[in-house]
Amino acid sequence: MSENRPLNEAEARAALDWYRAVGVDFAVVEEPVDRFAASVTPSRSRPAPSSPISGPSAVPVAAPIALSLSADPSETTAIAAAAPTLEALRAAMEAYEGCTLKKRATQLVFADGNPEAEIMLVGEGPGEQEDLQGKPFVGRAGQLLDRMLGAIGLDRTKVYIANMVPWRPPGNREPSPEELALCAPFLLRQVELVAPKFLVTLGNVPTKALFQTQNGITRMRGQWRDLTVNSHRTRALATLHPAYLLRTPASKALAWRDMLSLKQAMEG
Ligand code: URA
């Protein structure tokens with residue numbers, strides 16, 4: 001491609017398809033910014049912090065783009081603890097401006113289902129459809145989840161569903177550890193307020209976060225554990241994420257076993 005020629009329509013469409021495929025689906029500012037040029041221009045307002053590895057020959061590090069807002073989990077912990085009901089918690093989360101995910105999401109995806117339910121399911125974070133509709137698990141993975149629940153006599157009137165992060169991570173990437181740490185107090189408070197008898201984590205991200213383990217989902221799934229979430233004690237089961245099952249149908253047998261185990265626990 002020649003250096004300064006504007007893209008023709010086909011090239012522009014191909015570039016947009018490429019951006020979308022790699023998760024760039026949102027314009028942060030109106031005009032493009034050349035970050036390569038920015039990285040060689042020393043920032044006046046924000047000098048780069050001195051680093052133990054920086055010396056006379058160290059490559060200058062560009063100051064990070066000021067995207068991160070106040071991201072302090074002690075703040076979200078205090079906000080969540082102050083919410084006496086789910087409605088109050090939802091309102092507090094709607095008002096919270098400290099998470100960058102919110103800036104790029106269409107809306108808050110708080111929860112779906114029955115707050116009186118004995119069973120609570122926790123996923124990772126909203127995808128495209130969830131972001132548009134404002135409800136968790138309404139895309140393809142959600143439809144599979146509904147079928148899994150239906151197979152053991154459950155539907156959304158009998159379960160409560162929420163996610164570790166309530167705003168869609170751009171391009172459906174995994175939430176970062178910082179985003180998880182910041183949003184976890186909201187989810188923990190939701191668990192405490194719903195006070196489910198059984199809690200089911202869907203996939204790696206909520207499993208690692210709630211069981212506080214580095215073990216992956218393949219090791220963790222299928223076994224019941226006691227879990228204390230804030231002041232609430234519950235029985236918890238990890239199972240495979242329905243999006244993973246869509247990609248790996250051979251694993252559905254394992255998820256089926258987990259669903260049967262949940263059914264037995266409910267009846268027991
Ligand atoms: N995947 C999730 O983890 N949560 C949703 O709400 C949808 C897809």
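As a reminder, the structure under discussion sits directly above these lines.
Residues numbered from 1 in each chain as written. Predicted model: local features only at pLDDT ≥ 70, side-chain atom pairs only at ≥ 80, totals over all residues. Heavy atoms only, no water.

Peer 1: Can you tell me about the sheet that holds strand 5 (residues 224–229), naming the residues and giving the values?
Peer 2: Strand order in this open sheet of 6 strands is 1-3-2-4-6-5, and the pairing throughout is mixed. Looking at the sheet topology across the chains shown, the edges are occupied by strand 1 (112–113) and strand 5. As paired strands, strand 2 (residues 119–123) and strand 4 (residues 198–202) are joined by 4 bridges and run parallel to one another. Along strand 4, the bridge assignment pairs I119 with F198. (Pairing = 2+ DSSP bridges. Helix = DSSP H or I, 4+ residues; strand = E, 2+ residues; numbered from the N terminus.)

Peer 1: Describe the environment of P206, naming the residues involved and giving the relevant values.
Peer 2: Mapping P206 onto the fold places it in helix 9 (residues 204–211). Note on P206: relative accessible area 0%, which makes it buried. With 43 residues separating them in the primary sequence, P206 and N163 have C-alpha atoms 7.9 Å apart. Those residues in contact with P206 that lie beyond four places of it in its chain are V122, G123, E124, M164, T201 and F211. (Buried < 20%, exposed > 50% of the residue type's maximum accessible area, 1.4 Å probe, protein only. Contact = heavy atoms within 4.5 Å.)

Peer 1: Describe the site of the ligand, and please don't skip the residues or the numbers.
Peer 2: Every residue near the ligand is listed here: G123, E124, G125, E130, P136, F137, N163 and H241. Between a nitrogen atom of the ligand and a main-chain N or O atom of G125, the distance comes to 3.1 Å. Protein chains shield 91% of the accessible area of the ligand, which is 230 Å² for the free molecule. When each cavity is represented as a set of grid points, the ligand is found to reside in the largest pocket. (Near = heavy atom within 4 Å. Polar contact = N/O pair within 3.5 Å; in protein donor to acceptor, adjacent residues only side chain to side chain. Areas by Shrake-Rupley, 256 points an atom, 1.4 Å probe, with all protein chains shown as cover. 1 Å grid on protein atoms, 1.4 Å probe; cavity = no way out; pocket = protein on both sides within 12 Å on 5 of 7 lines; lining within 4 Å. Sits in = over half its atoms within 2 Å of the grid points.)

Peer 1: Now, about empty space enclosed by the protein: what can you tell me, with residues and values included?
Peer 2: One way to see where empty space is left: roll a probe the size of a water molecule over the atoms. As enumerated under the stated definition, the model contains 1 cavity of 30 Å³ or more in all. Each pocket or cavity is described by its volume, and for the largest cavity that value is around 40 Å³. Lining the largest cavity, in full, are M93, V109, F110, A162, N163, M164, P166, C183, F186, L187 and Q190. Those elements that provide at least two residues to the lining of the largest cavity are strand 3 (159–163) and helix 8 (177–194). In terms of residue count, the dominant contributor to the lining of the largest cavity is helix 8 (4 residues). Its residues assigned to classes, the lining of the largest cavity comprises 9 nonpolar, 2 polar and no charged. (Points joined across faces, edges and corners; volume = space filled by probe spheres on them. Nonpolar A, V, L, I, M, F, W, Y, C, P; charged D, E, K, R; others polar.)

Peer 1: Break down the pattern of salt bridges for me, citing the residues and quoting the values.
Peer 2: According to the stated counting rule, one finds 12 salt bridges in the structure shown. We note a salt bridge from E9 to R13, for which the minimum N-O separation is 3.1 Å. One end of the pair is E9 and the other is R13, both in helix 1 (residues 9–21) and 4 residues apart, which spans about a single turn. Exposure remark for E9: the relative accessible area of 56% places this residue in the exposed category. As a salt-bridge pair, E179 and R173 come within 2.9 Å of each other at their nearest N and O atoms. Each of the salt bridges in this network shares a partner with another, and the network as a whole consists of E97, K102 and K103. (Salt bridge = Lys/Arg side-chain N within 4 Å of Asp/Glu carboxyl O.)

Peer 1: Outline the packing of helix 4 (residues 86–95) against helix 8, listing residues and values.
Peer 2: Where helix 4 meets helix 8, the closest approach of the two axes is 10 Å, and the angle between their N-to-C directions is 165°. In terms of orientation, helix 4 lies roughly antiparallel with respect to helix 8. The handedness of the crossing between helix 4 and helix 8 comes out as left-handed. For the pair helix 4 and helix 8, the contacting residues are L86, L89 and M93 in the first and F186, R189, Q190, L193 and V194 in the second. Classifying every residue of the contact of helix 4 with helix 8 gives 6 nonpolar, 1 polar and 1 charged. (Axes fitted to C-alpha atoms, helices over the stretch in contact; angles between N-to-C directions. Parallel < 35°, antiparallel > 145°, perpendicular 65-115°, else oblique. Left-handed = near helix turned anticlockwise from the far one by under 90°.)

Peer 1: Describe the packing of aromatic side chains, and please don't skip the residues or the numbers.
Peer 2: Considering all chains together, one arrives at 2 aromatic pairs under this definition. With a centroid separation of 5.6 Å and 70° between ring planes, the pair formed by Y96 and F186 is classed as edge-to-face. One end of the pair, Y96, is in the loop between helix 4 and helix 5 (100–104); the other, F186, is in helix 8, and 90 residues separate them in sequence. Side by side, Y96 and F186 carry an identical accessibility label, which is buried. Judged by centre distance (5.6 Å) and plane angle (65°), the ring pair of F198 and W224 falls under edge-to-face. With F198 in strand 4 and W224 in strand 5, this pair connects stretches of sequence that are 26 residues apart. (Phe/Tyr/Trp six-rings, centres within 6.5 Å; stacked < 30°, edge-to-face > 60°.)

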